[in-house]
Each structure stands twice: as structure tokens, then as C-alpha cells.
Amino acid sequence: MSKFEPEWVTPDEWRNKAEALKNEGWLVTDVCGLDARDLGFEHRYESVVQLLHRDNRERRTVHVAATGEPPTCPSVVDLWPTVRFMEREAYDLVGIHFEGHDDLKRIMMPDEWEGHPLRKDYGVGKIAVEFIPQPFMQIDAPGQSTMQGESRARLDHLGQVVEEPAPAHDEPAERSEEQTR
Amino acid sequence: MTMTHDVVERFEAQGHGAFVESYDPHDERMTINMGPVHPATHGVLRLLLVLDGESVIRCEPRIGYLHTGIEKECEDQNWRGAVTAVTRMDYLAQLHNEQVYSLAVEALLGIEVPPRGKHIRTMMAELNRLTSHLVWFGTQALDMGAMSGMFYGFRERELIVDFFEMITGLRMNNNYFLPGGVWEDLPDGWERPLSQILKIMPARIGEYEELLSENPVFIERTVGIGAITAELCDAFGATGPIARAAGVDWDLRRDAPYDSYADLTFNVPTTDSGDVYGRYLVRMAEMRESVKMIEQLVDSMPSGDFKNMDPKFMPPSRAELNRSMEAVIHHFKIVTQGYTVPAGETYRAVESPRGELGCYLVSDGGTSPYRCHVRDPSFVNLQSLPAMVEGGLIADLIASIASIDPVLGGVDR
């Protein structure tokens, strides 16, 4: 096996490079979202593209940096339709936005999910997993409570919201007044 | 045929491969959900179908119902322990998952597997291909109305699964390969059950072919159904038997050999039809090739170590633990803390029963994977389903799903 030498490109260079690679006959085999927080790369979020050239029996790896907030890089779904699911997966799990992807939505997680589980600051094992319409909280700092919102919607047996949750700071005085009457 | 050309023209003309049709509520089209719990979707695949009577106008796979977060799980395990997690992804090709992960870790470590370890791995992976193709055979026949195919397929699979139990201790999710070799050597007397399996398999594969290859009902349901071209396979990234049935002559075992495949002589079966029947022929021929490969491997099984015994990352053997205190300390350290892998990244791929199974692995120099991404063939192959079924009938959709052979544990990971 040849030595593994990845290349790094910026989002602006990637479209031109991708078109050149496509014309040379390279096929994309994999797109992977990478949160390089602890790796000391220049950019934190990257989309790592694996390419294969069948005739030359070669593989190569291109790191495409995703810059900005939210992290964004250009999509290549028009060149290689196979990346449609892969870019959706990278968007869902790492939160990289692919500009030009026509159907960028969650693929693994439920549509109403908040946060991107494969990010390194996503709290593991600290969040109660409940499939209810309650907004999902992402923990960034240790010690932060998951129960901060305290806005639990009441559900019926089908999981539908029966009544809207009460505001966080309800007026308890009024209620006690009603009770006393 | 017209539909696939239509799809090619669409993605070339519009610049994308979208299966987008305008939806008109005034005509008699109906949008229905097939799955996620449906006997013909092989797990929890959900298809959003737009139907005009019996014909499928549009098909959109919705996945994620079996998402188990195994990639995240790997980041919490040490390098050895992550094998336990990855083996549960594509549960019909468990040893291929372990193989590709182990190859990736070995590439990062820069270590070699001894010849016996390589041979054992290759042999077990080919047996796993047989079990996986037998399940495909059973489900394909069952979905085409031939219920006895299911019984025949599982009858032979049981023999091989019993052999797995003898070697690894488990029937499925074997957790047998590890970075550097395999977990345990082959036990005494392993050749006898295997030689019986190898003796009966060619005859049994002949039985299956007798059952289906010339069967008029089966031919009616499969020939010309779900056909896609080689260009579409490349566009949608379809690999494995789907691509080989469409005439793409590409097999990683031959074209990018890993483990012991370079020592073996075998053919890569291909057809040009690209339809469900072509995939049936390719998989049947692959089963025969697998039997031949296992025979070669059994005949040439070398002696020696079955795993790389470098003490830096391999715990000492059980016998040594009884004699030496240092060995116990060493064992404790490797098992609890694990070994470190130099910082870097790699991508390795193997030919799983469903196509290219890749593993992109990043290490930050610690004792657990920094990022372990798996390119699962079922996940990618599923994208070619709309191109296969749009314009056909619902009954043909069932045949196409069975011929893709998706494993939803691998699709959703």
C-alpha cells in the first residue's frame, strides 16, 4: 500500500479541484465529517473526502476545511451524486453545511434533534434521551444542568402535546390565591 | 430501461442526480410509506413511495431507524475494545467489519500480521461471505414467493455458524479479529467440520441453482427488473455484486489485495445485464469462488504465530500469566489502559459481501480512536434504489430491495 498522504484544500479551492479530479476519472468513495478540535489543524471542522481511481488503482484523501459559523464548505453532489447521503450524514452528525446540496437535512437523527452528536463537545452520557417535543439541550461546559429549561410539555399516550408548558417563572402567588378561594 | 436513461439524462442535464418529480395532488397519485416495519424491507428501512396505481413514480429511502451511534461509541473504547462495537454494525458481515477496522489500526501502528493470522482471517472472512450470501439467497427467494429457499439457505448457514461458534465461541458478532491478528488460534480438530462444509457446499449451491436459475416464475420476476447501467453504478457509488452485475470489473480482493488474498487464485464473476437476475448470478458464482478460496486456504495454512506478539500492544498469553508476576502487571496495563497509537489518519477498505467497506480512522496519539468513520456499502448502495425502481411496479420494487441486500444495521450504524 502506498503511503497515506492527505491533502488540505480551502473551501474556495475545492470546487475547481473537484472538477479537475472528476475529469481525471476519480470517484468519491467516502465523505466523512471531522471535528478536529484536539488535533491542532488550522480549521476545526473538515469534510474528509476519499477518492478512488480505478484504472490507476490509486486512492487519495482530500481534507476540505469548513469555515465560518455554521461551518460551511461547497457541496460536490452535482459532480458525484453518490455523496448525497454522505454529505447529509456529515451535516447531521458533525454539523457541516454543504453549500449547493439540494436536500440537506438530517439523515440518522430525528428531524427535531438539536446538536450534532459527533462533535467533540457534545455531552455523552449526560443527557436523558427522550423522544418528546421538548427542545434538546446540548452541554458545552461541565456542570451545566440538562434540566435548565424546566419546560416539560404534557403529553397524551400518543406523544402529542396536550397543553403548552407553563412559563418558567409562573406566578405562584396568583395560583395560591385561587386555591384559597 | 427507459427510466434509467431518463435518470442519467436528468442528473447530467440538471447537474444533480435528484429523484425529484413534481407532485400533483389533483391526479390520482398516492404517497405511501413502506416500512419501517415491513417484512420485505429487510429490517427497518422506510421507503416513501409516490404511486400511480401499481407503478412507482417516485421512491425515497428514509433511514435512521436503527441508528445506534457506534461511531461515537468507538471514541470511548480503547483500540482493542472498539472491535466489539464495530462488529455490531453490519451484523451479517461481522467479520468484515472487524477486518477493516483491524487493518486500519495496523496501518496506523505500522505492524504486520503473521502469515497464519492472515490466513485465518481470510478464511473466516470468506466463510462469513458464504453465510451472508446464504441469507441473501433465502430472503431473495422468499420475496419472490419461493419460501423453501429460505429454509435451504438457513440450513447451510447454520453449519457455518456452528463452525464460527467452535472457533470464536460466538455464533454472531464474533469479536474475533483484533489489530495484529486474531484473538485465539484455531482449536484442535478444526479441519474436520470445515472439510464437511466444503464437501457439501458445491452440491448445495447446485441445488439452489436448480431451484431458481431455470424457474420460469423466478425468471419472470427478475430478468430485466431493477436494471442499472455501469455509469449509474459509478454515479451512485454502488459497489460489490450490484456493480459487478452491471459489468464493472472491480473487486478489492483482486485489485487491492489485503491479508492473504494476493496468494489465492480466484475469478471475479461479472455479468452485463445489471438487473436482479444478474446480481443473482454474480452472488451464486461468488459463493462457488468462496468455497474454492477456502479450500486453498485450508491446504496452505501455515504454522506459527496467529497474532503479532509484540508486547507493546498485545497482552501476554494465558499460560504466561500463571508463571510471571510481570506478565500479570503487563496484562493489567494493556487491558485497563490499552496501548497508544501514533497520531495520524488512514483509510482502508475491504470487499464485504455488499461492496466496498471502508474505515477512516484518525488517531490523536491516545489510547482510543479519535474518529472512526465507516463507509458502509449498504448505506451507499441504497442510493441507487430509486434509479432501479422508478417507473416499475411495486412487486418489482420488492425484488430490487432484496437484490441490493441492504443490512440496516450497517446503513444506520
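Note that this is a predicted model, so its numbers are computed, not measured. (Residues numbered from 1 in each chain as written. Chains lettered and ligands numbered in written order. Predicted model: local features only at pLDDT ≥ 70, side-chain atom pairs only at ≥ 80, totals over all residues.)

Some details on the overall build of chain A
- Helices and strands together make up the secondary structure of chain A, namely three helices and eight strands.
- Shown N-terminal to C-terminal, the secondary structure of chain A runs as helices and strands in the order β-α-β-β-β-β-α-β-β-β-α.
- Sorting the 181 residues of chain A into buried and exposed places 30% on the buried side.
- Within chain A, counting contacts between residues at least 6 apart in sequence, those at least 24 apart form 42% of the total. (Helix = DSSP H or I, 4+ residues; strand = E, 2+ residues; numbered from the N terminus. Buried ≥ 20, exposed ≤ 12 C-beta atoms within 10 Å, placed from the backbone. Contact = placed C-beta atoms within 7 Å.)

Notes on the overall build of chain B
- The number of helices and strands found in chain B is 18 helices and eight strands.
- Scaling as 2.2 N^0.38, a compact globule of 413 residues should have a C-alpha radius of gyration of about 22 Å, and chain B matches this with 22 Å.
- For the C-alpha atoms alone, the extent of chain B along its principal axes is close to 80 × 45 × 35 Å.
- The buried share of chain B, reckoned over its 413 residues, is 51%. (Rg over C-alpha atoms; globule rule 2.2 N^0.38 Å.)

Brief notes about the domain arrangement of chain B
Residue and element names in this part refer to chain B.
- Here chain B is partitioned into domain 1 (2-62) and domain 2 (74-308 + 339-412).
- If you look at the interface, domain 1 gives 21 residues, while domain 2 gives 25 residues.
- With seven residues, strand S3 (residues 55-62) is the largest single contributor of residues to the side of domain 1 that touches domain 2.
- Looking at the side of domain 1 that touches domain 2, its residues break down into twelve nonpolar, six polar and three charged. (Domains from an automatic or database assignment. Nonpolar A, V, L, I, M, F, W, Y, C, P; charged D, E, K, R; others polar.)

Quick look at the sheet that holds strand S6 (residues 344-352) of chain B
Residue and element names in this part refer to chain B.
- Read from one edge to the other, the open sheet built from three strands follows the order S6-S7-S8, with strand pairing classed as antiparallel. Single-partner strands in this sheet number two, and they are S6 and strand S8 (371-375). Taking each pair of neighbouring strands and ignoring which way they run, the sheet shows an average axis angle of 15°.
- Bridge count between S6 and strand S7 (residues 355-363): nine bridges; the pairing is antiparallel. Each bridged residue has a counterpart across the sheet, and for glutamate 345 the counterpart in S7 is valine 362.
- Each of S6 and S7 touches helix H4 (residues 94-109); the most contacted strand, S6, lies at about 150° to it. (Pairing = 2+ DSSP bridges. Axes fitted to C-alpha atoms, helices over the stretch in contact; angles between N-to-C directions.)

Regarding the nonpolar core
- B:Val86 and B:Cys233 are the most contacted members of the largest nonpolar core, which totals 139 residues.
- Residue contacts for B:Val86: discarding those within four places in its chain leaves B:Ile70, B:Cys74, B:Asn97, B:Glu98, B:Tyr101 and B:Val374. (Core = buried A, V, L, I, M, F, W, Y, C linked by C-beta atoms within 7 Å.)

Some details on the packing of helix H5 (residues 115-143) of chain B against helix H17 (residues 394-404) of chain B
All names here are of chain B.
- Remark: H5 packs on H17, axes separated minimally by 9 Å, with the N-to-C direction vectors making an angle of 175°. As summarised for this structure, H5 and H17 are arranged roughly antiparallel, according to the angle between their axes. Mapping the contact onto sequence places Thr139, Gln140 and Asp143 in H5 and Ile398, Ala399, Ala402 and Ser403 in H17.
- In terms of residue class, the contact of H5 with H17 is made up of three nonpolar, three polar and one charged. (Parallel < 35°, antiparallel > 145°, perpendicular 65-115°, else oblique.)

Digging into the interface of chain B and chain A
- Between chain B and chain A, the residue contacts involve 35 residues of the former and 28 residues of the latter.
- Where the side of chain B that touches chain A is concerned, the elements lending two or more residues are helix H2 (70-76), helix H9 (230-236), S6, S7, S8 and helix H15 (377-381) of chain B.
- The dominant element in the side of chain B that touches chain A, judged by the number of residues it contributes, is S7(B), at four residues.
- The residue inventory of the side of chain B that touches chain A, partitioned by class, reads 13 nonpolar, eleven polar and eleven charged.

Digging into the packing of H5(B) against helix H6 (residues 147-168) of chain B
Residue and element names in this part refer to chain B.
- As a packed pair, H5 and H6 sit with axes 7 Å apart at the nearest point and diverge in direction by 165°. In terms of their interaxial angle, H5 and H6 are classed as roughly antiparallel. Pair H5 / H6 crosses with left-handed handedness. Contact with H5, carried on its side by Leu127, Leu130, Thr131, Leu134, Val135, Phe137, Gly138, Ala141 and Leu142, involves Met147, Gly149, Met150, Gly153, Phe154, Glu156, Arg157, Ile160, Val161 and Phe163 of H6 and no other residues of that element. (Left-handed = near helix turned anticlockwise from the far one by under 90°.)

Some thoughts on the environment of B:His38
All names here are of chain B.
- Along the polypeptide, histidine 38 turns up in the loop between strand S1 (30-34) and strand S2 (46-52).
- Using a count of 16 C-beta atoms within 10 Å as the deciding quantity, one classes histidine 38 as partly exposed.
- Counting along the chain gives 101 residues from histidine 38 to threonine 139, while the straight-line C-alpha distance between them is 13 Å.

A short note on the sheet that holds S2(B)
Residues and elements named next belong to chain B.
- Across the sheet, three strands lie side by side as S1-S2-S3; this open sheet has antiparallel pairing. Of all strands in the sheet, those with a lone pairing partner are S1 and S3, marking the two edges. Neighbour-to-neighbour, the strand axes of the sheet open up by a mean angle of 20°, direction not taken into account.
- Two strands pair when backbone bridges link them, and S2 and S3 are joined in this way by seven bridges, in the antiparallel orientation. Residue pairing for S3: valine 50 is matched across the bridge by arginine 58.

A closer look at helix H1 (residues 11-24) of chain A
Residues and elements named next belong to chain A.
- Between its first and last C-alpha atoms H1 spans 20 Å; for 14 residues at 1.5 Å apiece the expected length is 20 Å, and the two agree.
- Taken together, the buried positions of H1 are Trp14, Ala18 and Leu21.
- Along its buried surface, H1 packs onto strand S1 (7-9), strand S3 (45-53), strand S4 (58-66) and strand S5 (72-74).
- With its phi angle positive at about 95°, glycine 25 sits one or two positions after the end of H1. (Expected span 1.5 Å × (residues − 1).)

Details of unusual backbone geometry
- With an omega of 0°, the peptide bond running from A:Glu69 to A:Pro70 counts as cis.
- Within the secondary structure, A:Pro70 sits in the loop between S4 and S5.
- Phi angles above zero are rare outside glycine, and B:Asn175 is one such case at about 55°.
- Position of B:Asn175 among the secondary structure elements: in the loop between H6 and strand S4 (177-178).
- You can call B:Asn175 partly exposed: it has 19 C-beta atoms within 10 Å.

Topic: the pairing of S2(B)
- Examined bridge by bridge, S1(B) and S2(B) share five bridges and lie antiparallel to one another. Residue B:Asn33 lies in a different strand from S2(B), and its bridge partner there is B:Leu48.

Some words on the pairing of strand S2 (residues 27-35) of chain A
Residues and elements named next belong to chain A.
- In terms of burial, S2 is a largely internal element, eight of the nine residues being buried.
- Where S2 meets S3, eight bridges bridge the pair, whose relative direction is antiparallel. By the bridge assignment, leucine 34 is partnered in S3 with glutamate 46.

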